[in-house]
Amino acid sequence: MKLDYLSFVRSGPGKFIAKKTGLPEPADLPRFKDRPQPILGPVLVLGNSQGTEDIANQLLAWDGDVRRHGDELDKIGSIIVVLDDIVEPGQTGPIIAELPAAFKKMKKGGRVITVSRTPLEDDPAVNAARAGLEGFIRTLAKEARYGTTANGILVDDDVELTSSSVIGALRFLLTAKSAFITGQTLRVSAEGGGIPTLWEQHLSGRVALVTGAARGIGAAIARTLHRDGAKVIILDVPAAGSALTDLANEIGAIPLQMDITADNAGERIVEELAKRDLKVNVFVHNAGITRDKYYVNMSEDRWNSVIDVNIAAQLRINNALLASDRIGDQFRLVSLASTSGVAGNAGQANYAYSKSAVMGMVAALGPILAERGGTANAVAPGFIETEMTGKIPAVQREVFRRSNSLKQGGLPLDVAETVSFLGSLPAGGYVGQTLRVCGQNLVGR
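Cut-offs used in this document
Residues numbered from 1 in each chain as written. Predicted model: local features only at pLDDT ≥ 70, side-chain atom pairs only at ≥ 80, totals over all residues. Heavy atoms only, no water. Pairing = 2+ DSSP bridges. Helix = DSSP H or I, 4+ residues; strand = E, 2+ residues; numbered from the N terminus. Contact = heavy atoms within 4.5 Å. Axes fitted to C-alpha atoms, helices over the stretch in contact; angles between N-to-C directions. Buried < 20%, exposed > 50% of the residue type's maximum accessible area, 1.4 Å probe, protein only. Right-handed = clockwise from strand over helix to strand, strands pointing away. 1 Å grid on protein atoms, 1.4 Å probe; cavity = no way out; pocket = protein on both sides within 12 Å on 5 of 7 lines; lining within 4 Å. Points joined across faces, edges and corners; volume = space filled by probe spheres on them. Nonpolar A, V, L, I, M, F, W, Y, C, P; charged D, E, K, R; others polar. Salt bridge = Lys/Arg side-chain N within 4 Å of Asp/Glu carboxyl O. Core = buried A, V, L, I, M, F, W, Y, C linked by side-chain atoms within 4.5 Å. Domains from an automatic or database assignment. Phe/Tyr/Trp six-rings, centres within 6.5 Å; stacked < 30°, edge-to-face > 60°. Buried area = accessible area lost by both parts, 1.4 Å probe. Polar contact = N/O pair within 3.5 Å; in protein donor to acceptor, adjacent residues only side chain to side chain. Arc of directions from axis to C-beta.

(A) Representation of the sheet that holds strand β5 (residues 149-155) within the structure. Strand order in this open sheet of six strands is β2-β1-β3-β4-β5-β6, and the pairing throughout is parallel. Of all strands in the sheet, those bounded by a partner on one side alone are β2 (66-67) and β6 (185-188). Of the pairings in the sheet, the one linking strand β3 (residues 76-83) to strand β4 (residues 106-117) comprises seven bridges and is parallel in character. Bridging from a neighbouring strand, I76 pairs with M106 of β4. Most of the contacts of helix α3 (residues 50-61) go to β3, to which it runs at about 150°, and overall it touches β1 (43-46), β2 and β3.

(B) A look at the pairing of strand β8 (residues 231-236). In terms of residue burial, β8 counts as a mostly covered element, since five of its six residues are buried. This β-α-β element, strand β7 (residues 207-211) to helix α8 (residues 216-227) to β8, shows right-handed connectivity. In this sheet, strand β9 (residues 254-257) lies alongside β8 in parallel orientation, the contact comprising four bridges. Residue I234 lies in a different strand from β9, and its bridge partner there is P255. Between the parallel pair β8 and β9, the chain is carried across by helix α9 (residues 241-251), and the sense of this crossover is right-handed.

(C) Molecular detail of empty space enclosed by the protein. Scanning the entire structure with this criterion turns up three cavities of 30 Å³ or more. By volume, the largest cavity amounts to about 160 Å³. Lining the largest cavity are 15 residues, and of these F172, K177, W199, H202 and F421 lie nearest its centre. Taken together, the elements giving at least two residues each to the lining of the largest cavity come down to α7 (164-174) and α15 (412-422). Grouping the constituent residues of the lining of the largest cavity by class yields four nonpolar, five polar and six charged.

(D) Seen up close, the pattern of salt bridges. Within the structure shown, the criterion is met by 20 salt bridges. Across the pair E72 and R67 runs a salt bridge, and its minimum N-O distance is 3.5 Å.

(E) Representation of the nonpolar core. Residues L59, I80, I153, L170, I221, L225 and I234 are the most contacted members of the largest nonpolar core, which totals 67 residues. It is α7 that contributes the most residues to this core, seven residues altogether. Inspection of this core shows a minimum of three residues originating in each of domain 1 (24-188) and domain 2 (207-437). Excluding its chain neighbours within four sequence positions, the residues that come into contact with L225 are L203, A208, V210, A230, V232, V284 and S420.

(F) Focus on the sheet that holds β9. Taken together, the seven strands give an open sheet; going across it, the order is β9-β8-β7-β10-β11-β12-β13, and neighbouring strands pair in parallel fashion. Among the strands making up the open sheet, the edge pair consists of β9 and β13 (434-437). For this sheet, the mean inter-axis angle between neighbouring strands, taken without regard to orientation, is 20°. Bridge analysis of strand β11 (residues 327-336) against strand β12 (residues 375-381) gives five bridges, and the strand direction is parallel. Within β12, the residue paired with L333 across the bridge is A376.

(G) Spatial organisation of the packing of aromatic side chains. In this structure the tally under the stated criterion is six aromatic pairs. Judged by centre distance (5.4 Å) and plane angle (55°), the ring pair of W303 and Y353 falls under tilted. Highlighted residues: W303 in helix α11 (residues 300-322) and Y353 in helix α13 (residues 349-370), separated in sequence by 50 residues. A relative accessible area of 24% places W303 in the partly exposed class.

(H) Local environment of the environment of P26. Checked against the element boundaries, P26 lands in the loop between α2 (12-21) and β1. P26 gets classed as buried once you look at its relative accessible area, which sits at 5%. The sequence separation of P26 and Y146 amounts to 120 residues, and the corresponding C-alpha distance is 7.7 Å.

(I) Broad picture of the domain arrangement of the protein chain. Parsing the protein chain into structural domains produces domain 1 (24-188) and domain 2 (207-437). Using C-alpha coordinates to define each centre, domain 1 is positioned 29 Å away from domain 2. Between domain 1 and domain 2, the residue contacts involve 25 residues of the former and 25 residues of the latter. Note on domain 1 versus domain 2: buried area summed over both sides is about 2,100 Å², and carbon and sulfur give 66% of it. Linking domain 1 with domain 2 are one salt bridge, by the criterion used here. Measuring nitrogen to oxygen at the nearest pair gives 2.6 Å for the salt bridge that ties R31 to D414. Taken together, the links from domain 1 to domain 2 amount to five residue pairs in polar contact (both at pLDDT 80 or more). Sorting the residues of the side of domain 1 that touches domain 2 by element identifies α6 (124-143), α7 and β6 as the ones contributing at least two each.

(J) Highlighting α9. Every buried residue of α9 is accounted for by G241, A243, L244, L247, A248 and I251. Seen from one end, α9 has its buried residues packed into an arc of 160°, which puts them on one side. Exposed residues pointing more than 90 degrees away from the buried face of α9 are listed as S242 and N249. In the core, the buried residues of α9 are packed alongside α8, β8 and β9. G252 sits one or two positions beyond α9 and adopts a positive phi of about 70°.

Put into structure tokens, the structure is as follows:
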């Protein structure tokens, strides 16, 4: 088990053996309960543009201990590098000149974030300067130690750095809620839906529905959305009714027992919402199954059952919802993909197909919903410690855990925090994207 290995390498003898043999020594990642403050300070802000000043002022508004030089500091909690005005690659070096020394001073669980413009320019030099930052931030993530993460925010040219979508992304990536996200870039292509009145209750007044909510990641999502202020509806198959009821009692949620693969599941959800005079603001397609087998031995039934639950049901439900009057303001659709859908995984051809399909679905649905003030995005977990992954053979499980830059599996909470972020008002600026929660798994981008 994960804790056994972690306990071993964190013990005195374990540390000694790990250093001598090169065994991975995963850092203890602080989560929100460990560090509820939005910023791990002091925070060093590098850059020369007006956007740099705007970002620094925002950090000050969050009571951040903002510094513009790191020479006098012994330890640094966060580093933000603002490169929104570079027009050729040679301009990057002087701006990040202080970064190497500062990077060596990072605290445990530190944050490095670049803020730059999306590489969509026709000018080769401008585009090269912008595109180069993706390789740079992914490399920093791989070189980081002690649970530090490194991520990038790409902002389209017509979006101000003071927009709610940029501020929302910055805050999420600075907090401990993003503990298992590293080496990723998040594109901001619209202004966003505004700043929540209370950041820690950013879903207050909103209705969220989670499928597959009885256990595991789905239950973690429901609990987190409830913690963040949402009125939650939890849905799962009748066979999970007992667990669903227990969760409903725990968080005051509305339980719905339903098979989402039924042809009329979408219409039934609409009817349940109408019966309670509710409109849904956040819809989370979490329900999913695996029926693993090498493709050459995979039966038609194994293939079809996974496709039906993991993607076909989502498409039918989406159609019913969009045709109804049960969609609330600032609608956010979040669907669970997987790194298996990014890079493939032996024995999971059906699952990988379905999860790639989810990414394709949100990419097409995002612009459609954007016209109605909504968004569709996906979350792609890597190796997450769940009941399902606990059944993987021990050696294989350890290999999966160590195959990312943070050298450990993530928690269902890590996925849930990301879903909650994508369900927020500021997330209105992210259109049709897939955000990986995988500790920078070594496969795929």
